[in-house]
Amino acid sequence: MLSIKNLHVSVEDTEILKGVNLEVKPGEIHAIMGPNGSGKSTFANVLAGREEYEVTDGEVTYLGQDLLDMAPEERAREGVFLAFQYPVEIPGVSTSHFMKTALNAIREHRGEEQLDAMQFLKLAREKMQLIEMDEKFLHRSVNDGFSGGEKKRNEIFQMAVLEPKLAILDETDSGLDIDALRIVANGVNKLRSSDNAFIVVTHYQRLLNYIVPDYVHVLVDGRIVESGDKNLALRLEEQGYDWVKDNDAVTA
Amino acid sequence: MSTENDTVKTPQKSDYDDKFGSAEQQETIEKLTQSDYKWGFTTDIETEVAPKGLNEDTIRFISAKKKEPEFLLEWRLKAFRYWQKMQEPHWPNVNYPPIDYQDAYYYAAPKPKKELKSMDEVDPQLRETFEKLGIPLDEQKRLAGVAVDAVMDSVSVATTFKKELAKHGIIFCSFSDAVQNHPDLIEKYLGSVVPYTDNFFAALNSAVFSDGSFCYIPKGVRCPMELSTYFRINAANTGQFERTLIVAEEGAYVSYLEGCTAPMRDENQLHAAVVEIIAHKDAEVKYSTVQNWYPGDKNGVGGIYNFVTKRGICLEENAKISWTQVETGSAITWKYPSVILKGDNSIGEFYSVALTNNYQQADTGTKMIHLGKNTRSTIISKGISAGKSQNSYRGLVRVSKNADNARNFSQCDSLLIGDKCGAHTFPYLEISNTTAKVEHEATTSKIGEDQIFYLNQRGIDTEDAIGMIVNGYCKEVFMELPMEFAVEARNLLAISLEGSVG
Ligand SMILES: Nc1ncnc2c1ncn2[C@@H]1O[C@H](COP(=O)(O)OP(=O)(O)OP(=O)(O)O)[C@@H](O)[C@H]1O
Ligand SMILES: [Mg+2]
């Protein structure tokens, strides 16, 4: 589904990703861990199409297409979803209006019928229940005045509405209380199927007890230096990153 | 001459397209047309034109044509003589080539235009705009100059509403009709808020105004429906000088809507209107405008010069006047809907969205003149500049020395889209009473790349994303608009922003 080869990315002439390789197949969950500033968010944002990041080398194929050639909204319509590490506030725009517009843009792209206000509301309410969010958030401005945890939960709500094929979760667990963490993880697990895949960026092994990954990768200084199964996360939790830091890049 | 006319907002269901979901929202645009509309498309119209240019004879000609009483002719002539001694002002932050006031027609019945047979003959770009606005087909045809038979039906519907209004003693008619049928009211109130000496364009308007609307709500009457006027500039090369007068007697209430649309033309046209509002004791007048005069093309060719004087007076205690405006059109907009807070405890409000794109220029704001005690005013202004446009907020809050405990809150926000446009804020404060409380907040921001990316990442393209962010930014003002107007305003913003990206 997603094939990343030798990806190099710079920001303002500083190289941040220095040759990342990754293969993701439908149905898989990949966890990405790594120290602060190692390039995890950069990686997530590049996949989503953020312009400030310049791809200097490498290729990314998504469902047989050249992902790097697609505009951010095209990627989204083709099923790429990024749960932002820092969700953005849009004052004056209600969450329901925002999500209805987004969902209908995606449906139009797929040649599906537009949902009207009532149909959308019904769907949105179901998804709100799924992640145990109060319906009132639908009527509030997008992330405006939301607490940190509410913003994160709102990202998962959006994911649930849009049902992406490839969801990239950038530290969605940070800032969540224990209950919220479980609820969010449940939400992800309910959306999980043999057709979609997840890339989960996290600092904490704890999340991976709830969302069990097929692979764990360690990103250090712009390279994946170690890959393994979920036990790798346990070892990192115990031993920190020092032991992997000097590894050479691996092909995940 | 323009076809200017009055209608009543129809509350009835209509069968045109279901773009906006709910039934109320479908009634976005005026469906009814106005009584003198038929001028545009029938053959028995007056085709007389006053000779080009402006002199006392032109004014006598206009007044005679309209069979006006002596007092009105005299008033026009005084205004004209005064105007002749005035200089065109150049203090606003706008630029335009000198206007030759002699090179225009001040009275022209509409020339029979080439009549288009179907919508297929209409400029596709114009048609597309109509469609996006969700303007009903008849209305589209009308705007584009296609013959419409259905108009006759609407006239009779309009008459039904006039009957309903008459039942409450409400007068709502064209200014010309009011001059004929209610000359006492006109004589009493005309020029009482905006005297002809007020400014250059008000003086010009007073001398040559063609028509307009008159609205009178008697004591204790709450107008049962929103009143609406659609002004249009149709004839080429004619300035538009309409005049609106609204009087709300003690305890009366009215919500008045003014919508403006004009066909596209290459030459610039002057629109110098005057609106006067008088609110007596405990009366409330809400005046909402969605101004979408032709802004010129993307290279700045053509478009309306919209130089308008709008002012209301809260004459007695507890009166309230609110101005809400959404300004997206015109090549140049220059206007300051104002409130004179004369009565104690009276309230003035100004809610404004002014959006400029391409080469548009806007210098707009308000004046809140606090004369009475415990008077309160609120100013919320949202300026949005895109393209190479210039957008200025200019506002005055004056608290006179007897206005004890006056309060004002002003918030002026500017949003920039791109880096070739400008936003400017000129707040003036003249406070002569130490008990006054005046708060002013101002912000200027650029539309956020991170916001746009966030929306892009959810599948929304950049143009729609900007439309959504800007609409959110203006929400406070839109909330003041009647529902169907708010829908129209939102669509207008989105359309006006087109091409502002990239
Ligand atoms: N727009 C930018 N301009 C300059 N430097 C940037 C920019 N974006 C990222 N960087 C730098 O790139 C490096 C990687 O940042 P990134 O956000 O990808 O790290 P991360 O692995 O997600 O860290 P964290 O765990 O703290 O979220 C950092 O040193 C960061 O300062
Ligand atoms: Mg990060």
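You'll find the structure just up there.
Residues numbered from 1 in each chain as written. Chains lettered and ligands numbered in written order. Predicted model: local features only at pLDDT ≥ 70, side-chain atom pairs only at ≥ 80, totals over all residues. Heavy atoms only, no water.

S.K.: What's the story with the overall build of chain B in this structure? I'm lost.
M.R.: On a plain count of helices and strands, chain B comes out with 13 helices and 20 strands. For chain B, the share of sequence-separated contacts (at least 6 apart) that also reach a separation of at least 24 residues comes to 84%. Summed over its atoms, the accessible surface of chain B is roughly 19200 Å², and 49% of this surface lies on carbon and sulfur atoms. (Helix = DSSP H or I, 4+ residues; strand = E, 2+ residues; numbered from the N terminus. Contact = heavy atoms within 4.5 Å. Areas by Shrake-Rupley, 256 points an atom, 1.4 Å probe, with all protein chains shown as cover.)

S.K.: Explain the site of ligand 1 here, please?
M.R.: Residue and element names in this part refer to chain A. Around ligand 1, the structure places 15 residues, and the nearest of them are G37, K40, S41, T42 and H203. Take S38: an N or O atom from its main chain is 3.3 Å from an oxygen atom of ligand 1. Contacts to ligand 1 include Y53, whose side-chain N or O atom sits 3.4 Å from a nitrogen atom. Compared with its free state, where it exposes 630 Å², ligand 1 has 64% of that area covered by protein. Among the elements that line the shell around ligand 1, the one with the most residues is helix α1 (residues 40-48), at three residues. In terms of residue class, the shell around ligand 1 is made up of four nonpolar, eight polar and three charged. (Near = heavy atom within 4 Å. Polar contact = N/O pair within 3.5 Å; in protein donor to acceptor, adjacent residues only side chain to side chain. Nonpolar A, V, L, I, M, F, W, Y, C, P; charged D, E, K, R; others polar.)

S.K.: What should I look at first to understand helix α9 (residues 230-239) of chain A in this one?
M.R.: Since the α-helix packs 3.6 residues into each turn, any two residues three or four apart lie on the same face. Residues and elements named next belong to chain A. Buried within α9 we find L232, A233 and L236. Projected onto a plane normal to the axis of α9, the buried residues spread over an arc of 100° and lie on a single side. G240 occupies a position one or two residues after α9 and carries a positive phi of about 75°. (Buried < 20%, exposed > 50% of the residue type's maximum accessible area, 1.4 Å probe, protein only. Arc of directions from axis to C-beta.)

S.K.: I would appreciate a short explanation of the environment of G53 of chain B in the present structure.
M.R.: All names here are of chain B. For G53, the position within the fold is in the loop between α1 (23-26) and α2 (56-65). Its relative accessible area of 3% is what places G53 among the buried residues. Counting along the chain gives 197 residues from G53 to E250, while the straight-line C-alpha distance between them is 43 Å.

S.K.: Mind showing me how you'd approach the interface of chain A and chain B here?
M.R.: Accessible area lost on assembly of the parts is the figure often given for the size of an interface. With 31 residues of chain A at the interface, the matching set in chain B holds 18 residues. There are one salt bridge connecting chain A and chain B. Joining chain A to chain B, the criterion identifies 10 residue pairs in polar contact (both at pLDDT 80 or more). If you list the elements that add at least two residues to the side of chain A that touches chain B, you get α1, α2 (72-77), β6 (80-83), β7 (90-94), α3 (95-109) and α6 (148-162) of chain A. The greatest single-element share of the side of chain A that touches chain B, amounting to seven residues, is contributed by α3 of chain A. The class makeup of the residues in the side of chain A that touches chain B is 19 nonpolar, seven polar and five charged. (Salt bridge = Lys/Arg side-chain N within 4 Å of Asp/Glu carboxyl O.)

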